[in-house]
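A look at the structure
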Amino acid sequence: MREQRRKDAVWMFLTYAFILTMVVVMLIPLYWMIVAATLPQQEFIEFPPRLIPGTAFLDNFAALQERMNYVLTIWNSVFIAVVYTVLSLLLCSMAGFAFAKYEFRFKEPLFYSILATLVLPIQLLVIPLFLMMSQVGWTDTFRAIILPWLANPIGIFLMRQNMRSIPDALLESARMDGASELQIFYRIALPAMRSSLAALAIILFLFQWDLFLYPLVILEDPGNYTIPVALAGLEGTQRIYYDQIMVATTLAIIPMAILFLVLQKQFVSGILAGSLKE
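1. Quick notes on the overall build of the protein
- Looking only at helices and strands, the protein features 14 helices and zero strands.
- Each helix (α) and strand (β) of the protein, taken in turn from the N terminus, gives the series α-α-α-α-α-α-α-α-α-α-α-α-α-α.
- A compact globule built from 278 residues should have a C-alpha radius of gyration of about 19 Å, whereas the protein, at 24 Å, is more than 25% larger.
- Taken along the three principal axes of its C-alpha coordinates, the protein extends 75 × 70 × 30 Å.
- Looking at the protein as a whole, 36% of its 278 residues qualify as buried.
- For the protein, restricting intrachain contacts to residue pairs at least 6 apart in sequence, the fraction spanning at least 24 positions comes to 74%.
- Taken as a whole, the protein presents about 16800 Å² of accessible surface, with 69% of it coming from carbon and sulfur.

2. Topic: the side chain of N224
- Within the secondary structure, N224 sits in the loop between helix 12 (213-218) and helix 13 (227-232).
- A polar contact of 3.3 Å, which involves the side chain of N224, links it to the side chain of D140.
- If we ignore the near neighbours within four places in the chain, the residues touching N224 are N76, D140, F142 and L219.

3. Brief notes about the environment of R50
- With respect to the element layout, R50 can be found in the loop between helix 2 (41-44) and helix 3 (57-67).
- Given a relative accessible area of 33%, R50 falls into the partly exposed group.
- With residues near it in sequence (within four places) discarded, R50 still touches W32, V35, L39 and E43.

Quick notes on the rules
Per-chain numbering applies: the sequence of each chain, read as written, is numbered from 1 onward. Whole-chain, interface and lining totals are the exception, using all residues; otherwise, since this is a predicted model, local features are given only for residues with pLDDT of at least 70 and side-chain atom pairs are given and counted only at 80 or more. Remark: hydrogens and water are excluded; side-chain values derive from all non-hydrogen atoms of the structure. Only DSSP runs of H or I with at least four residues qualify as helices, and only runs of E with at least two residues qualify as strands; both kinds are numbered from the N terminus onward. Atoms counted for the radius of gyration: C-alpha only. Globule rule: 2.2 Å times residue count to the power 0.38. Relative accessibility thresholds used throughout: buried, under 20% of the residue-type maximum; exposed, over 50%; partly exposed, between the two (1.4 Å probe, protein chains only). Contacts were defined at the residue level, with two residues in contact if any of their heavy atoms lie within 4.5 Å. We get accessible surface area from the Shrake-Rupley algorithm with a probe of 1.4 Å; when it comes to residues, only the shown protein chains can shield them. Counted as a polar contact is a pair of N or O atoms within 3.5 Å, where, for protein atoms, one must be capable of donating a hydrogen and the other of accepting one, and residues adjacent in sequence contribute only when both atoms are in side chains.

All quantities given are derived from atomic positions and should not be read as evidence of function.
So, in structure tokens, the structure goes:
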């Protein structure tokens, strides 16, 4: 028994040591990026790299803001991502509820057809979407960035899996009490899916926040640029402004980090709940 406890303790120590090592390895690039954002350009390229934060963050940000209106760029990305997340959450939850709790013709083929769209790369969709937006006059607008991606296949799948956990008897009782289908959805289904909605919100926000190729093609006015498109513009043909890139990248991760820290518990429980459904 004592020998077994000793082996268990050794394995536990090795496991935690491995996890700690991986955490450090993953955090080193993030830490160095934050440090680099506080250094002037000449100190950034020194070797060995400096690991102590400097005092040039505000100067680098001022240079970045002078080169482009980065505050407006951040606002554009936040606005687009928030509006997209809210609308997509509503659409995906309604679709998931329909696939989970209603019977209609071609239900299964339609659902699996939606899942099949996951194999389509965004690069394949850029040109058709650009042509569609051009025909309706939506190029260089936020709605051209938001609307085409609202029916997210991952979101529909996740919500369908979680909606199946709601007892049918509960819905039938609500119908017998005179509740409409919309009332059942908003007052029963959605409140029961809070953890799943939080998990899906992070997934959708991250998807829109990181979207690059399609906004690069559809947006023309620099005043409408999102963060990924603006970051691509910092790489000049003759000089790369590393100090400004590091400042812009550091600021770009703050909204996503805040969102994850606020919803991390719901994210984990929502993902696990979806994985347990058949």
